[in-house]
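Spelled out from the first residue to the last, the chains are:
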Amino acid sequence: MGSVDSVGRSVPEAAARAGSVAELGGELSRHLKRLVPHDGYLLSGFDPVTGARCFLACENSYGASARRRMDSEDALGRTRSPIAALIEGPCPVTVLGSGAGDESPEARRLHTLMAADSYGSEMCIALHQRGVTWGVLVLLRERGARPFSPAETVRAAELAQPLALAVQRYVTGKPLRPGNGHFPLGVVIVDRNDEVTGVTAAGRDALRGLLPGVYPTGDQERFGFLRHITYTARRTGAPALTRAPTGQGWFSLQAQPLEGAREGEVVVTLRPAPAAELLPALAQWYGISRRERAVVEQALQGLAVKQIARRLDLSPHTVNDHFKAVYRKTGVSSREELIACLAAS
């Protein structure tokens, strides 16, 4: 068994080497088992700007039907402690199920869902660092196993920030590269009963190409990745957006609720993330400052360094320094490469 400090140091390094979301989840689970043994896990990554899910990895976890019900319950704030409550509270970890002592209706409802899939105890860890929530890691123990203990909860809380850093390093540990921009706009229509009632060929092709990198899927779960953002849009009554890092580059998924006679239906669009839409998320992932982002925004408009300097009231030297900082953070070598990475995504 390792120490909290040793696991906290090793897990971000391992995450940076992970080649897929599944590998990321496996690395986090393997390192964390040294301190908090568990039978299964479910890792959700969040868009750091909108808070919508942008990837999911799981192993020995809930089945597709239970995940669907839990996504719906989570979107309504009716199961696990809301992430905001974990972040703002004294501990970023909560334990539900057998041995947890929580008799609230929400806890009982979740325990029923857990028991149906033969799980008895669940530990939920909010992955929050430097004012940004990067995701949630759920650890599971099977029915009949020893429940998660208070001591294990303390260990998990101490590792919450290193685990959050690991999720960030999974994305930023690799240089930013151009995406595959050949995908046309895809459209999926989800009715009020959460059934897919329409999909364009481009939408089906996009999901088929994207999902192996961001969501555990088979033919029955092709549209499962859309559910969380669909529930979010339906709950808020406003468009919901996430930008997902995939093997084909960054993709933008937006869910828009319909009104009138089709109230309750949601239209989801999928496309390679346009530069203006992608940049706010990349700024969070890569730690690009407000002024650095402003310089990149001007560059996307085709302005030269002197023009950018005049528009932002900076010296050309300072503009070039901001560009160099962005190159260093994203792993690109030039302005042309940076623009290509953003424009092709």
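Remember, it's a predicted structure, so these values are computed and weren't measured experimentally.

## Digging into the sheet that holds strand β2 (residues 53–59)
Turning to step 1, where the next piece is worked out: The strand order β2-β1-β5-β4-β3 describes an open sheet built from five strands, whose pairing is antiparallel. Edge positions in the sheet fall to β2 and β3 (93–97), since each of these pairs with one other strand and no more. Taking each pair of neighbouring strands and ignoring which way they run, the sheet shows an average axis angle of 15°.
Turning to step 2, where the next piece is worked out: With ten bridges connecting them, strand β4 (residues 119–129) and strand β5 (residues 132–142) associate as antiparallel partners. Within β5, the position partnered with Ser 121 by the bridge is Arg 141.

## Here we look at the pattern of salt bridges
Turning to step 1, where the next piece is worked out: Evaluation of the coordinates by the stated rule reveals eleven salt bridges.
Turning to step 2, where the next piece is worked out: Taking the shortest distance from any N to any O, the salt bridge between Arg 141 and Glu 152 comes out at 2.7 Å. One end of the pair, Arg 141, is in strand β5; the other, Glu 152, is in helix α6 (residues 150–172), with eleven residues separating them in the sequence.
Turning to step 3, where the next piece is worked out: A relative accessible area of 4% places Arg 141 in the buried class.
Turning to step 4, where the next piece is worked out: A relative accessible area of 3% means that Glu 152 is categorised as buried.
Turning to step 5, where the next piece is worked out: We note a salt bridge from Arg 146 to Glu 152, for which the minimum N-O separation is 3.2 Å.
Turning to step 6, where the next piece is worked out: Salt bridges sharing partners connect three or more residues here, namely Arg 141, Arg 146 and Glu 152.

## A short note on the sheet that holds strand β6 (residues 186–190)
Turning to step 1, where the next piece is worked out: As summarised here, the arrangement of the five strands in space is β7-β6-β10-β9-β8, forming an open sheet in which the pairing is antiparallel. Two strands in the sheet have a free side with no partner beyond their single neighbour: β7 (196–199) and β8 (240–246). In this sheet, adjacent strand axes meet at a mean angle of 20° when their direction is disregarded.
Turning to step 2, where the next piece is worked out: Here strand β9 (residues 249–257) runs beside strand β10 (residues 266–272); their pairing, made up of seven bridges, is antiparallel. By the bridge assignment for β10, Phe 251 is matched with Pro 272.
Turning to step 3, where the next piece is worked out: Along the sheet face, helix α7 (residues 201–214) touches β6, β7, β8, β9 and β10 and points at about 90° away from the line of β6.
Turning to step 4, where the next piece is worked out: With respect to the sheet, helix α9 (residues 275–286) is in contact with β8, β9 and β10, its orientation differing from that of β8 by roughly 65°.

## Considerations on the nonpolar core
Turning to step 1, where the next piece is worked out: Residues Ile 125 and Trp 285 are the most contacted members of the largest nonpolar core, which totals 95 residues.
Turning to step 2, where the next piece is worked out: Here this core takes nine residues from α6, the largest share from any one element.
Turning to step 3, where the next piece is worked out: Not counting chain neighbours up to four residues away, the residues in contact with Ile 125 comprise Leu 32, Pro 92, Val 93, Gly 135, Val 136, Leu 137, Leu 139, Ala 156, Ala 160 and Leu 163.

What counts, and at which threshold
Residues numbered from 1 in each chain as written. Predicted model: local features only at pLDDT ≥ 70, side-chain atom pairs only at ≥ 80, totals over all residues. Heavy atoms only, no water. Pairing = 2+ DSSP bridges. Helix = DSSP H or I, 4+ residues; strand = E, 2+ residues; numbered from the N terminus. Axes fitted to C-alpha atoms, helices over the stretch in contact; angles between N-to-C directions. Salt bridge = Lys/Arg side-chain N within 4 Å of Asp/Glu carboxyl O. Buried < 20%, exposed > 50% of the residue type's maximum accessible area, 1.4 Å probe, protein only. Contact = heavy atoms within 4.5 Å. Core = buried A, V, L, I, M, F, W, Y, C linked by side-chain atoms within 4.5 Å.

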